[in-house]
Amino acid sequence: MRLLIALGAGALFGSGLHLSGMTDTAKVKGFLDFFGAWDPTLMFVMGGAIIPMFIAWRVAERRKPLMGGDFPAASDPVFDRSLILGAVLFGAGWGLVGLCPGPAIASLSYGGSGGFAFLGAMVLGMLLAPRARQWLDRRSVVA
Amino acid sequence: MIGCAGALFLLGNGRIMGASGILGGLIDGSGRSNWAERTAFLVGLIALPAVLQSSGTLSTQTNLTPNLGLIIIAGLLVGLGTRIGNGCTSGHGVCGISRLSPRGIVATLIYIGAGAVMVVALRGIWGAL
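Computed from a predicted model, the values in this text were never measured in an experiment. (Residues numbered from 1 in each chain as written. Chains lettered and ligands numbered in written order. Predicted model: local features only at pLDDT ≥ 70, side-chain atom pairs only at ≥ 80, totals over all residues. Heavy atoms only, no water.)

Caption draft 1: Spotlight on the interface of chain A and chain B. Listed as interface residues are 97 residues of chain A and, on the opposing side, 92 residues of chain B. Summing both sides of the interface, chain A and chain B together bury roughly 8,400 Å²; the carbon and sulfur share of this comes to 79%. At the junction of chain A and chain B, the tally comes to three salt bridges. Across the salt bridge formed by D80 of chain A and R103 of chain B, the nearest N and O atoms sit 3.6 Å from each other. (Contact = heavy atoms within 4.5 Å. Buried area = accessible area lost by both parts, 1.4 Å probe. Salt bridge = Lys/Arg side-chain N within 4 Å of Asp/Glu carboxyl O.)

Caption draft 2: Local environment of helix 3 (residues 35-54) of chain B. For helix 3 of chain B, spanning 20 residues, the distance from its first C-alpha to its last is 29 Å, which sits close to the expected 28 Å at 1.5 Å a residue. Those residues of helix 3 of chain B that sit buried are E37, R38, A40, F41, L42, G44, L45, P49, L52 and Q53 of chain B. The inward-facing, buried residues of helix 3 of chain B contact helix 1 (2-20) and helix 5 (101-106) of chain A together with helix 1 (2-13) and helix 2 (19-27) of chain B. Positive phi appears at G56 of chain B, one or two residues downstream of helix 3 of chain B, with a value of about 90 degrees. (Helix = DSSP H or I, 4+ residues; strand = E, 2+ residues; numbered from the N terminus. Expected span 1.5 Å × (residues − 1). Buried < 20%, exposed > 50% of the residue type's maximum accessible area, 1.4 Å probe, protein only.)

Caption draft 3: Local environment of the packing of aromatic side chains. Counting across every chain of the model gives eight aromatic pairs over all chains. Seen in terms of ring centroids, F31 of chain A and W38 of chain A are 6.5 Å apart; in terms of plane orientation they differ by 35 degrees. Their pairing is tilted. Taking relative accessible area as the criterion, F31 of chain A reaches 4% and is therefore assigned buried. With a relative accessible area of 35%, W38 of chain A lands in the partly exposed category. Through a chain of ring-to-ring contacts, the aromatic side chains of F13 of chain A together with F9 and F41 of chain B assemble into a single cluster. Its guanidinium or amino end placed over the ring of F54 of chain A, R58 of chain A lies 4.4 Å from that ring's centre, counting from NZ or CZ. (Phe/Tyr/Trp six-rings, centres within 6.5 Å; stacked < 30°, edge-to-face > 60°. Lys NZ or Arg CZ within 6 Å of the ring centre and 35° of its normal.)

Caption draft 4: Up close: the packing of helix 2 (residues 25-32) of chain A against helix 3 (residues 41-60) of chain A. All names here are of chain A. One can describe the packing of helix 2 onto helix 3 by two numbers: an axis separation of 8 Å at closest approach and a directional angle of 95 degrees. Put simply, helix 2 runs roughly perpendicular to helix 3. Facing helix 2, whose interface residues are K27, V28 and F31, helix 3 presents T41, L42 and M43. Partitioning the contact of helix 2 with helix 3 into residue classes produces four nonpolar, one polar and one charged. (Axes fitted to C-alpha atoms, helices over the stretch in contact; angles between N-to-C directions. Parallel < 35°, antiparallel > 145°, perpendicular 65-115°, else oblique. Nonpolar A, V, L, I, M, F, W, Y, C, P; charged D, E, K, R; others polar.)

Caption draft 5: Representation of the pattern of salt bridges within the structure. In the structure shown here, the tally under the stated rule is eight salt bridges over all chains. E37 of chain B is the salt-bridge partner of R2 of chain A, the closest N and O atoms lying 2.9 Å from each other. Here R2 of chain A is found in helix 1, whereas its partner E37 of chain B is found in helix 3 on a different chain. By relative accessible area, which is 29% here, R2 of chain A ends up partly exposed. In this structure, D33 of chain A and R123 of chain B form a salt bridge, with 2.7 Å as the shortest nitrogen-oxygen distance.

Structure representation (structure tokens):
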């Protein structure tokens, strides 16, 4: 059952990304182009996604997950070096070609060889990340 | 639809729907204990858009740049950045903001800002890309 829910959530997420234009890199770049011909439509996609999630978090305050276990604990509001540097690197890559992880995976079947190249490079970046994180953590202990 | 997917994953399985976290946990081994659930999510994420695309009427294009160098640099940055910073557009942006998580809100503002700077910088360097 857990697998079925995961499969369904993935399918729903993927079709949402597909239909809303999040997999179209030209549209994503238009959204990030605040100082040019700004296309705000993806902001409504994000806003529209936040509303059901907001309700879900309210429900989560009062019950347990259907499949057992607990909801993930809220993280402490710590703005450490990894959060900020990670967000800067991710944003730079996102702006560079217009793909973020969800749409990169969702468009794999029709993104051509470029889509596979992006995913391959992303996986490599994810493999390197634990090492980069360790290094950052060591430095923040000293600082 | 994206929000409903996140709500389903949260209320059903008690997990945060973040694309980079779900894939990243499989890649670096930190999510080995629930690998099947992660894989099922990814299968759904790839399969339904593939079906929609082949149906013809709902097809779209990625309009990805043909510049392979740019694609690889961007992929490395996205992979590294989302794992160091613990999230991407779905995890920090959708799940984090809706929870009013300070980390999610700050991360989202930063990566959108960095993305905007990159788009402007690219236009300056290469012209219309």
